[in-house]
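Structure at a glance
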Amino acid sequence: MARYTIPLLFLSLSLLLLGGSVESCRRCSRARAFIIASCSTTSYPKVCEKSLYKYVNSTNLSHRQLAQIALKVSLTEARFTRSYLTKLSTRLKIAHWEEAQAIGDCIDQINDSVAQLRLSLRELQKCGEKVGVDDFLWYMSNVETWASTALTDQINCAAAFEGNVHGKIVRNRVRAKVEGVTQVTSNALALVNRFVTRHRFTRGTHLSP
C-alpha cells in the first residue's frame, strides 16, 4: 500500500496546482477583458492596453484602480521623458545651442506636467469608497483639471518642434518621445473621466457637478 502513497500524493498536488492555475487564468482573462473594454473609450486603445497589461493580475480591478494605474504610468513616462530630454539638451549645448534652448523650454513644460500629474494622482488616492458626493465631485474636478493641464503642457512641448527650424534628427527624436507620453496621459485622462461617469451612475451622483 505504501508504494501507492507517493504517486497519489503527487497526483493530488498536481490537481491542486492545476486548479489554482485555472482560477488564476480566469482572473487574468477577466482583468484583460476589463482593460480592453475600458481602453476602447480612449484615443489610443492599443497604447492603453499595452501600458496596462502588466497589471492584469489584479483580482478586483475597479474603474478607480485602473484610472490610478493609468496616472501612475503617465507620471512614470513623463519622468523618463524629462530625463531623456535633459540628457539630449546637455549633449547639444555646445554645437547646437538654439536646439538645446528649445529643448530646455520643452523640459520646463514636461517639468510642469510631472508636477500636475503628481497632484492629480495624489488627489485621486484621497477619493475612496466612503467619500461623500460633494467631496467626490470636488476631488475629481481637481484630478481632471490637473491631468488636463499636464496633457496641455506636453502638447505645447511637442508643438514647439512642429516646424523645420530645428534639425530633422533632433526634431523627430523629441517629438517621438513627447508624443509617447502625450498618448498615455490622454488615455489616463479618458479613464479618469470614465471612472467619474461610472461612479455617478452607480452611486446616484449623476447630477450636474
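Read on for an overview of the structure. Not measured: the values here are computed from a predicted model. (Residues numbered from 1 in each chain as written. Predicted model: local features only at pLDDT ≥ 70, side-chain atom pairs only at ≥ 80, totals over all residues. Heavy atoms only, no water.)

**Considerations on the state of the cysteines**
What the rule picks out here adds up to 2 disulfides. There is a disulfide in this structure between Cys39 and Cys48, and the S-S distance comes to 2.0 Å. For the disulfide bridge between Cys39 and Cys48, the dihedral angle about the S-S bond is near -65°, and by the sign convention the bridge is left-handed. We classify Cys39 as buried; its relative accessible area is 0%. In this model, Cys106 is linked to Cys157 through a disulfide, with the two sulfur atoms separated by 1.4 Å. With Cys106 in helix 4 (residues 97–126) and Cys157 in helix 5 (residues 133–159), this residue pair connects regions lying 51 residues apart in the sequence. Each of the two residues, Cys106 as well as Cys157, counts as buried. Indicated for the protein is the disulfide connectivity 1-2, 3-4, based on numbering the bonded cysteines in sequence order. (Disulfide = S-S within 2.5 Å. Buried < 20%, exposed > 50% of the residue type's maximum accessible area, 1.4 Å probe, protein only. Helix = DSSP H or I, 4+ residues; strand = E, 2+ residues; numbered from the N terminus.)

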